[in-house]
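Here are the chains, one letter per residue:
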Amino acid sequence: MASAFALRGFPSFPANALSPQFKFRRERRAAVLARSSNVQEPRPTNVQPPVKEKNPFPGKLEADVVVIGSGIGGLCCAGLLARYGQNVLVLESHDLPGGAAHSFEIKGYKFDSGPSLFSGFQSRGPQANPLAQVLDALGESVPCASYDSWMVYIPEGEFLSRIGPTEFFKDLEKYVGLEAVREWKKLLDAVLPMSAAATALPPLSIRGDWGVLSTAAARYAPSLLKSFIQVGPQGALGATKLLRPFSEIIDSLELKDPFIRNWVDLLCFLLAGVKSNGTLAAEMVYMFAEWYKPGCSLEYPLHGSGAVVDALVRGMQKFGGRLALGTHVENILVENGRAIGVKLRSGHIVRAKKAVVSNASMWDTLNLLPADAIPQSYQTKVKETPQCESFMHLHLGFDAQDIPEDLGIHHIVVNDWSRGVDADQNVVLISVPSVLGKDLSPPGKHVLHAYTPGTEPFGLWEGLDRRSAEYRGLKAERSEVMWRAVERALGPGFSRENCDVKLVGTPLTHRRFLRRNRGTYGPAIKAGEATFPGHSTPIPQLFCCGDSTFPGIGVPAVAASGAIVANSLVSVSQHSELLDAVGI
C-alpha cells in the first residue's frame, strides 16, 4: 500500500524504450511541483506548465481509448489496455508523467512530489497489492529497499515505531502503558482474521459490468468460501463490517485508550484522508494485514517514487501504448450524447473509437464537459461532494555531514492530539529517501520532502497573487511548522540557512502543477454516509479512474480503479486470459 505518507505500435515509439518526449524531458531540468527557490516563488516565465503544442505527438490523432492524465490510475488503466491489445493514448498536460506521484530533479537532487511510504511491491498472487498486480501483468518490476520502522514524534514522546506483530507492543508498553498494549492486541486479534475475506478477491479480477460474476465471483468462490471457514462464525460476522466505517469495529471492541484511538485515527487519515469514522473498514483491514503480520516490511523504490511511474510507462509502451507530454486537454467532445474524443488547447482534435477515460478529479472532469451534455443531477452531485483540503510542501537538499548516520527514511510529527489529526498545522510527514536510495542526491548530501497531509485550507490562499508580498509572507508563515518538524527530526547539525535547495509549495502550487481543483487531496467521502462513485458516467463511452472513484484515495486504490476501467473495456474472455497469464 501507499498512503499520503503518506498515487501505449507506432514507429516513433520503440517497443523497448520510453517515448522521445519522455526521455528528453527527463534529461532537462524537471518541472517542479513546489516551485520556489530560497522560499521565494520563481518568476512566472520559469514556472508555467508547458502547454505549447507545435507538434502534438507522433502517430495518428486517434486511438481506441484516450486517457486524460498520467497519474498512477491513468497509467495502470492505459498499461492494461495496451496489454489487452487496445490502441491507447495518454494525454498529459505536464512535461513529466505521474501526476501527484511524479519526481523532479534540481541540482542533482531527485525529489518525490507525493507518496513515499510503500509496501507490497514484491507481493505476488491473488492477495498482492493492486499496483504490484498491474506491474506483474505488464512484466515490469521496481527495485526496492526494505525496512521496518519510522520515527514518531508525538506528545507522549519520541520513539522508533516498528511494523510487525510484536515490536509495536514494546513501544506501547514503554511510552503509553499496559492498557494500551491490551487494547492493541484486542484490535489485532479482531482485525487480522478479517484480512482473508478482505483480500480474497484479487483487485485485478474486478470489472464494472456483469462480467464480474465470471472473472471474480465464480472464479474465486472457493477462496472466498475458504476464507470464511477459516475465520469462523465470529470472524465471518466481523467481515460483514468491511464496508462500514472502521470506527464501528473499534467501538464494538470497546476500545477506550486515548492513544489507541488517536493512533488509529492517524493511520486512517494518512491512508484515506479521513479519520476512522469515515474510513472504509476494508481499507484498514488490508493495511493491518500488510503492516502487522509476521514477516511484513515497508519498501521504498531505490530510484525514488518516479521509478514506479517509469515502470508503468515502460510497460505501457512495451505493448504499443503512447504517451504525449505537454499536451493539455481543453475539452471532452460529446456527439450524439456519447464521448467521442478530446480537443487539445492547441486546437487539435483527438478521436477515441471506444472510450475516453478521465484520470482527472471529478470536479476537473466536470469542467472539461459541455454543460448541456451532463444531467443536472450529476453536476449537482459532483459540486456538492466534500473535498479534502490541500497541502503545504517543503523540499530540501542539504549536506549530510552533521546529520546522524542512523537517520531513518520516514518521520511523523504530531503536535497536539486534542486538535485532531485532521487539523491544519498539526501533523507533518517527513521523508528522507536518500538514506536508502543513494542516487537520489549528490554524494555526501540528503534529499528531503516534508508536507502537511491534506490539511492546508485552500481558502487561506484563494485569490492571492503568487508574485505579491502577501503571498510570500503567507508562505513563510505557513511553512514554519514544517521547518520546525524537520529541525526536530534532523537534530542540531541541520541548518536551514545552509540548504543547497529550498522549495516551498502551497495549495496554489498544487492546483497549478497537478491541475487539481482547489489543490485538493481528493473527495472527503465518509464510509457509512456515502460511497465513492463508480467508473462509468451518465455519458456513454466516458469513464473515470483515480481517487475520485471507487475504491478511493491512495496508491493501491487508484491502481485498482485504473485496472477496473481497463478490464471493463475488454471482453470477459480477454480479461480471464490475462488473469490466467499472471497466475491469479
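Note that the coordinates shown come from a computational prediction; the quantities given were computed from them, not determined experimentally. Per chain, residues are indexed from 1 in the order of the written sequence. With the structure being a predicted model, the display of local features is reserved for residues of pLDDT at least 70 and the display and counting of side-chain atom pairs for 80 or more, all residues being used for whole-chain, interface and lining totals. The basis for every side-chain value is the complete set of heavy atoms in the structure, and neither hydrogens nor water enter the calculation.

What follows is about the overall build of the chain. Secondary structure elements follow DSSP: runs of H or I of four or more residues count as helices, runs of E of two or more count as strands, with numbering from the N terminus. Of the regular secondary structure elements, the chain holds 19 helices and 18 strands. Whether a residue is buried, partly exposed or exposed follows from its accessible area with a 1.4 Å probe, protein chains only, as a fraction of its type maximum: under 20%, in between, or over 50%, in that order. Taking all 584 residues of the chain together, 63% fall into the buried category. Only the protein chains shown count as cover for residues, and all accessible areas are computed by the Shrake-Rupley method using a 1.4 Å probe. Carbon and sulfur atoms make up 52% of the accessible area of the chain, which amounts to about 22,100 Å² in all.

By the convention used here, strands pair only if DSSP detects at least 2 bridges between them. Relative to strand β12 (residues 349-358), strand β1 (residues 62-68) is paired through 6 bridges, and the arrangement is parallel. Bridge assignment links Val67 to a residue of β12, and that residue is Val357. With 3 bridges joining them, strand β11 (residues 338-344) and β12 adopt antiparallel strand pairing. When the bridges of β12 are listed, Val342 appears paired with Val350.

One side chain can pair with another of opposite charge once the charged atoms of both are near each other. Salt bridge, as used here: a side-chain nitrogen of Lys or Arg that lies within 4 Å of a carboxyl oxygen of Asp or Glu. Under the counting rule described, the total for this entry stands at 25 salt bridges. Here Glu140 makes a salt bridge to Arg314, at a shortest N to O gap of 3.1 Å. Residue Glu140 is found in the loop between α4 (130-137) and β5 (144-147), and its partner Arg314 is found in helix α13 (residues 306-318); the two are separated by 174 residues along the sequence. Taking relative accessible area as the criterion, Arg314 reaches 34% and is therefore assigned partly exposed.

Let us now look at unusual backbone geometry. For the bond from Phe550 to Pro551, the omega torsion is 10 degrees, close enough to zero to count as cis. Among the structural elements, Pro551 can be located in the loop between β18 (542-544) and α18 (555-568). In this model, Glu254 sits at a positive phi of 55 degrees, which is unusual for a non-glycine residue. Relative to the assigned elements, Glu254 resides in the loop between α10 (246-252) and α11 (258-272). Unlike most non-glycine residues, Gln425 shows phi in positive territory, near 60 degrees. Residue placement: Gln425 occurs in the loop between β14 (410-414) and β15 (427-431). Given the relative accessible area of 18%, Gln425 is considered buried.

For the rest of this paragraph, the subject is the sheet that holds β14. A sheet is described by the order of its strands in space; here 7 strands give the open sequence β7-β6-β14-β15-β16-β13-β17, paired in mixed fashion. Strands with a single pairing partner mark the edges of an open sheet, and in this sheet they are β7 (157-162) and β17 (501-505). Between one strand axis and the next, the sheet turns through 15 degrees on average, direction left out of account. Pairing of β15 with strand β16 (residues 445-456), which is carried by 3 bridges, proceeds in the antiparallel orientation. The partner of Leu429 across the bridge, within β16, is Tyr451. Any two residues whose heavy atoms approach within 4.5 Å at even a single point are treated as in contact. Axis lines are fitted through C-alpha atoms, for helices just across the contact stretch, and the angle between N-to-C directions can take any value from 0 to 180 degrees. Helix α17 (residues 507-514) contacts β13 (390-399), β16 and β17 of the sheet and is inclined by roughly 90 degrees relative to β13.

What follows deals with the packing of aromatic side chains. What characterises a pair of aromatic rings is the spacing of the ring centres plus the angle enclosed by the ring planes. Side-chain rings of Phe, Tyr and Trp, where Trp is taken by its six-membered ring, are said to pair if the distance between their centres is within 6.5 Å; with planes under 30 degrees apart they count as stacked, over 60 as edge-to-face, and otherwise as tilted. Counting across every chain of the model gives 16 aromatic pairs. Relative to Trp291, the ring of Trp150 lies with its centre 5.7 Å away and its plane at 70 degrees, an arrangement referred to as edge-to-face. Placement of the pair is Trp150 in strand β6 (residues 149-154) and Trp291 in helix α12 (residues 281-291), with a sequence separation of 141 residues. This pair shows no difference in class: Trp150 is buried, exactly as Trp291 is. On the basis of an interplanar angle of 70 degrees and a centroid distance of 5.0 Å, the ring pair of Phe168 and Trp184 is categorised as edge-to-face.

As a further point, take the side chain of His575. With respect to the helices and strands, the residue His575 is situated in helix α19 (residues 572-581). Classification of His575 by relative accessible area gives buried; the value is 0%. Side-chain atoms alone can form a polar contact between residues adjacent in sequence; in general such a contact is a pair of N or O atoms within 3.5 Å, and within protein one must be able to donate a hydrogen while the other accepts it. A polar side-chain atom of His575 sits 3.3 Å from a polar atom in the side chain of Asn567. Beyond its immediate sequence surroundings of up to four residues, His575 is in contact with Tyr84, Leu204, Ser205, Ile206, Arg207, Thr215, Asn567 and Val570.

Looking at the secondary structure, you find Lys502 in strand β17. Buried within the structure, Lys502 lacks any salt-bridge partner; Glu497 is the closest side chain of opposite charge, at an N-O distance of 6.5 Å. Asp and Glu are treated as the negative residues and Lys and Arg as the positive ones, with His and the ends of the chain left uncounted.

All right, on to the nonpolar core then. Side chains that are nonpolar tend, in soluble globular proteins, to be buried together. Side-chain atoms within 4.5 Å link the members of a nonpolar core, which is a set of buried Ala, Val, Leu, Ile, Met, Phe, Trp, Tyr and Cys residues. Judged by nonpolar contacts, the single largest core of 102 residues is most densely connected at Trp184, Phe246, Trp263, Phe288 and Tyr292. The element contributing the most residues to this core is α11, with 10 residues. Not counting the four nearest positions on each side in its chain, Phe246 is found in contact with Leu187, Val191, Val264, Cys268, Ser276, Thr279, Leu280, Ala281, Met284 and Phe288. Listed in part, the 50 residues of the second largest apolar core include Val88, Phe118, Leu131 and Leu138.

For the rest of this paragraph, the subject is the environment of Val421. Structurally, the position occupied by Val421 is in the loop between β14 and β15. Classification of Val421 as buried rests on a relative accessible area of 3%. On a C-alpha basis, the gap between Val421 and Val274 in space is 9.2 Å, while along the polypeptide they are 147 residues apart. In contact with Val421, not counting residues within four places along its chain, are Asn262, Asp265, Leu266, Phe269, Lys275, Asn426, Val427 and Thr455.

Along α17, 7 of the 8 residues are buried, which leaves the element largely enclosed by surrounding structure. Of all the positions in α17, only Pro507, Leu508, Thr509, His510, Arg512, Phe513 and Leu514 are classed as buried. Looking at the residues trailing α17, positive phi occurs at Arg515, about 50 degrees.

This part covers the environment of Leu474. If you trace the backbone, Leu474 turns up in helix α16 (residues 469-490). Sequence-wise, Leu474 and Leu464 are 10 residues apart; in three dimensions their C-alpha atoms are separated by 9.8 Å. Discounting chain neighbours no more than four positions away, the residues touching Leu474 are Leu460, Trp461 and Leu464.

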